[in-house]
Structure formats: structure tokens, C-alpha cells
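# Structural overview for review
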Amino acid sequence: FEAGHRIRNIFAQKNIEVNPWLWIDYNGELIYPSGFITRKIDPVTLPRSGIKIPDLADEHQKDRKIESDWCGISKMTLRQFIYQVKDISKVKTQSIEKIQKVFNKIDALLIFADSIAPPTSALHLALHWIRYFIDKKGLLSPGTIDNYLSRVFLNGLLCDPESIDLSMWEPEDHEFAFEDVLSRESIKNASTRRGIYGTYKQVYAYAVTNKFCCPVNLSYVSDEWIGGSKRNELIGLGEFDTFMHLLLDECSRSSVQLAVVCILAFYGGMRAGEISSLTLKDLVICDEHLYVDIHKGKTAAARREIPLHLLAPESMCNIVAKYYNDRLAEFPRNSFLKKIPLFGPLKSRERYASRALADAAIQLLKQTFGDSITLHHLRHSFASWVFVRMYACRYPDVLDNLNESRHEIFSRKFNRRMAYLLSGDITDQLSDHWGSGLVRFTKLIGHLGPRTLFSTYVHTFDVIQAHSMRRISAIYGKRKLNGKTISAIVPKMRTRSAQAKLRDKTINGVLDHM
């Protein structure tokens, strides 16, 4: 930073205007705060000037009031409907008269649903889809109706109060709901999991076609949930810093709020719903410590405490802390902090809707990084960079080949913080045995287990794999292989004459030949 200030002062003396957030390298080229751009995103796509900030002050951005027990009312409505269907017919039937009676019940329940929820609620979807299913099959099957409604709605979508309006959900929200269902301990049988997946596919095909929700990709291969939409674009640390600087250049309340939203997602790994639900009581700031408490989320595992001061650069923590103090100053000192949302209109106890915050942040991300980037990409980037930092705490030399190695979070101070977070010990380097660190990492991102975390969220395996291969090669690469081993692993090297062509029969030599 001192070098940057000196260069900017020289330009100021010569009356040359320079964007204060851009640096200049030794060749006079403009670069970004960390000095590096990852290969995932072309530097040309990063804007050199300000970006348009969405206005969060509009009335329609405020969160709507949800019936305190909307999910319970909807579940009870569907259970009563199931009992009524079984009263009409206890067995499968093609009776037009009985099917019409069920349709009349559905019409009556839709009128009731209109009184408690918008037409894109999970309750509306359940009723419309069951009517479509019966009409398509020309068959009334009480057992199948009970089974399908239980799988997708009673034990699925209606467990989340936000299902009052599915049109406000992003694809990952649906994916999380599906992931939550499959991750339950009670569902262990492979055939049961496949059956649930098949039912979900049918319901979502209908929902997307009839505009209940946006297109959703649920992928299930070989009895394993492998995640939904692929988000492999990794946002670099320097790229995010530049994005923050461009955003804060606008100096508006909305820009600061959205900056805090993005920081909590990128450096805290938080979901959009978790961020929008925060209150002033959920942030604990003391000296150089900044904790974020998440009391509820998409799953039970989402409850956690995030030590942001161990994860984010001090400049980013300062942005969050300053916004928190400014928001706190909008209300009397004796206010009940649990009732004051972190994100809301000026001096108002109303909160912004989760969808409003997410959409505004997504607009900014798309302006900066391209149309494929969403807010959830920041959470993927969080997991990917934390994984690299974990590995660097054990093998610091991995940073020698990393473009972002000069970033603040890879400094000795932050390596010690990461080691402390993973092991509880104040040390510069982790020991060989730190398996508990993986458990802490999984909990940090709010997952029940590591499977989804590593199969869906982490996109930096190539960095770890390349270093691991170099490390193993240095240790074992000079070992010589015998003829039987070479014939077993090398194609067309089964004979002595063929193996004679190998000048080097060490592991490294054989690998070079292959």
C-alpha cells in the first residue's frame, strides 16, 4: 500500500487522474489490488469505473409478513385432503364420479389457499399438481397421492416457511431443500432415495412448465445426490477486492449494505436467506473479534457461529463493523436488538426481503463478472479458498505456484488464524494429523457432512492435486520398478524387449514415458 500511495502521489503532482483502487506495476500497466487475476475470469471483463447500484429503499423491497404458522396450516390442509380422498375411495378407481368429487375438494382448497398465500406457494403447487396427476392418469389412487404429497410437500418444501412463494426462490434454494430431504438419517435405503428423486423430478417438471418457479436442475447419479446447477466459476481474491472497491466508490447506503452482503457470502460462506435474516443481536463485535451467529437456516446443520475475523481481511471486517455501528446508531440505546434486522430501510425495524437483497447483489455481480455469476457463487468461492488455505497451513510451499499468494489472507498472520480455527492451537503449521479440521470446515459452511461440500462446493482440487503429486514424486519418484510392475501398469510394456526401451525405470521415469 505504501508503494501504491507513493505512485498515486506522483501522478497527482503531474495532474494525472488515476482510479484510487487500481495499482500500477513496474511496466506502467494497471493491475488490481492483489496484483493478480485468476484464469477463470478474463481481466477485460472487470470494469475500470463505477457500477450501477440497485436502490434498496423502494417500498416493494421490504419483507412481507408471513403467517406465524403458515407451514403448519398448509400441512394440516393437505393431511385433511388426504383423509377426504381416502373417504371418497379407499382403493384405486377410474370412477369419473369419484374423481370429480376429488376435483371439487381441490377447487375448494384452492380458494382457501388464495386467502393465506400467493398463487405461487408450495400449497398451491401441491393442489394443482395432484389435480394434473389424477387428470393425466385418469386414475384416482389414494395411496399414491398420500405418498407423493408426503415426499415432496409434507416432509419437504412445506418444512420451509419461505415456500409461501416459490417464485422468489433461486435454483440453489430448491437444491438445498432436496438435499435436506435426502440427507436425513431416516432415508438410507437406495430404492427409497431413487423413488423420492423420481417424485421430485415429476413435481418440478410441472412447476417449471406452469411458472411456479425458475428452472431447477436436480442431479442424482448412482444413488448419490451430486448437487444441482454447476457453479465452477471461481471468483479470485483480487477480483473480489476490486469489486468491493468499485462498489464502495459509490458512497451510498445501498452500496454499503450490498457490500456487506457480498462480504458475508464470500468471506463468511453464508447463504442469502441466512444473511437477510440477521439481526443486530446476531453480530458480536469486540476489539478485533467479529462473530456472526446463525440461529436457523435451510437445515439443522446451518446453526453455527462464524468467526469472520479469522476468515476475512481486516479491511473487510472493518466495512462490516462500521455498517453495524451505523445501523445500531439509528435506534435508541435501549432497543431490543433481536427485533432489529441488520438489513432494512433507514431507521426502520422492517427488514428487506431475502429475494430483494439477493437480486440486488446478483445485479452487481453480473455487471462485474458476467451473466453466469450469482450470489451463491460467492459461497462456492468461500469453500474453495478456505480449502486452499487449509492445505497451505500444512504445506506452505503450495503458495509458491499460486497466483493469489500475495493476498493478505495468505500472510503469516492469517495462516496462524486459519491453523487456530482448524485445530484450536496457535501455530504456524498444522501437524500431519488434523482430521478434526475437516469437521470444522464442514460445520463452518453449515453442512451436515463433507460429501456435499467436497462434491459440489470445492473447485480448487487441481491446485491441491498438482502439489500433492509433486510432493509424492519427490519422496517416492526415484524408486525403481521391477519388470512385473512395469508390465502391469504400462500399456504395451509386457515383454523384456519392450521394457528395454525404457531408459529410466524409476517411478518418475515411467510416468514421463507414459
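Structure: see above.
So, a few notes on the structure that sits alongside this text. (Residues numbered from 1 in each chain as written. Predicted model: local features only at pLDDT ≥ 70, side-chain atom pairs only at ≥ 80, totals over all residues. Heavy atoms only, no water.)

## A look at a nonpolar patch on the surface
Where nonpolar side chains cluster on the molecular surface, the patch consists of Ile-472, Ile-475 and Tyr-476 and spans about 290 Å² of accessible area. Mapping Tyr-476 onto the fold places it in helix α18 (residues 461-476). Note on Tyr-476: relative accessible area 40%, which makes it partly exposed. (Patch = residues over 30% accessible without salt bridge, like charges linked within 9 Å, V, L, I, M, F, W, Y side chains within 5 Å. Areas by Shrake-Rupley, 256 points an atom, 1.4 Å probe, with all protein chains shown as cover. Salt bridge = Lys/Arg side-chain N within 4 Å of Asp/Glu carboxyl O. Helix = DSSP H or I, 4+ residues; strand = E, 2+ residues; numbered from the N terminus. Buried < 20%, exposed > 50% of the residue type's maximum accessible area, 1.4 Å probe, protein only.)

## So, the pairing of strand β6 (residues 289-294)
Look at any regular strand and the pattern is simple: side chains alternate between the two faces of the sheet. Where strand β5 (residues 283-286) lies against β6, 4 bridges are found, and the strand directions are antiparallel. Paired with Ile-285 across the two strands is Leu-290, which belongs to β6. In this antiparallel pair of consecutive strands, β5 and β6, the connection spans 2 residues, and Asp-287 shows a positive phi of 55°. Here β6 pairs with strand β7 (residues 304-307) via 4 bridges, running antiparallel. Note on β7: the bridge partner recorded for Asp-293 is Glu-305. (Pairing = 2+ DSSP bridges.)

## Observations concerning unusual backbone geometry
With a phi close to 65°, Lys-211 is a non-glycine residue in the positive phi region. Looking at the secondary structure, you find Lys-211 in the loop between α7 (190-209) and β3 (220-221). A residue is classified by how much of its surface remains accessible, and Lys-211, at 67% relative accessible area, is exposed. One non-glycine residue with positive phi stands out, namely Lys-347, at about 60°. Positionally, Lys-347 belongs in the loop between α12 (314-328) and α13 (354-369).

## Considerations on the nonpolar core
If you look at the biggest cluster of nonpolar residues, it comprises 83 residues, and the most contacted ones within it are Phe-240, Tyr-267 and Phe-343. With 11 residues, the top contributor of residues to this core is helix α14 (residues 376-394). Beyond its immediate stretch of four places on either side in the chain, Phe-343 contacts Gln-257, Val-260, Val-261, Leu-264, Ile-275, Tyr-323, Arg-327, Glu-350, Arg-351, Tyr-352 and Leu-357. If you look at the next biggest cluster of nonpolar residues, it comprises 52 residues, including Ala-113, Leu-149, Phe-153 and Ala-177. (Core = buried A, V, L, I, M, F, W, Y, C linked by side-chain atoms within 4.5 Å. Contact = heavy atoms within 4.5 Å.)

## What to know about the side chain of Arg-417
Examined against the element boundaries, Arg-417 turns out to sit in helix α15 (residues 412-423). Filtering out sequence-adjacent residues up to four positions away, Arg-417 remains in contact with Glu-288, His-309, Leu-310 and Glu-314.

## Let's talk about the sheet that holds β6
Spatially, 3 strands are ordered β5-β6-β7 in an open sheet, and the strand pairing comes out antiparallel. Looking at the sheet topology across the chains shown, the edges are occupied by β5 and β7. Across the sheet, the mean angle from the axis of one strand to that of its neighbour is 20°, orientation sign disregarded. Each of β5 and β6 touches α12; the most contacted strand, β5, lies at about 105° to it. (Axes fitted to C-alpha atoms, helices over the stretch in contact; angles between N-to-C directions.)

In short, geometric facts, not functional conclusions.
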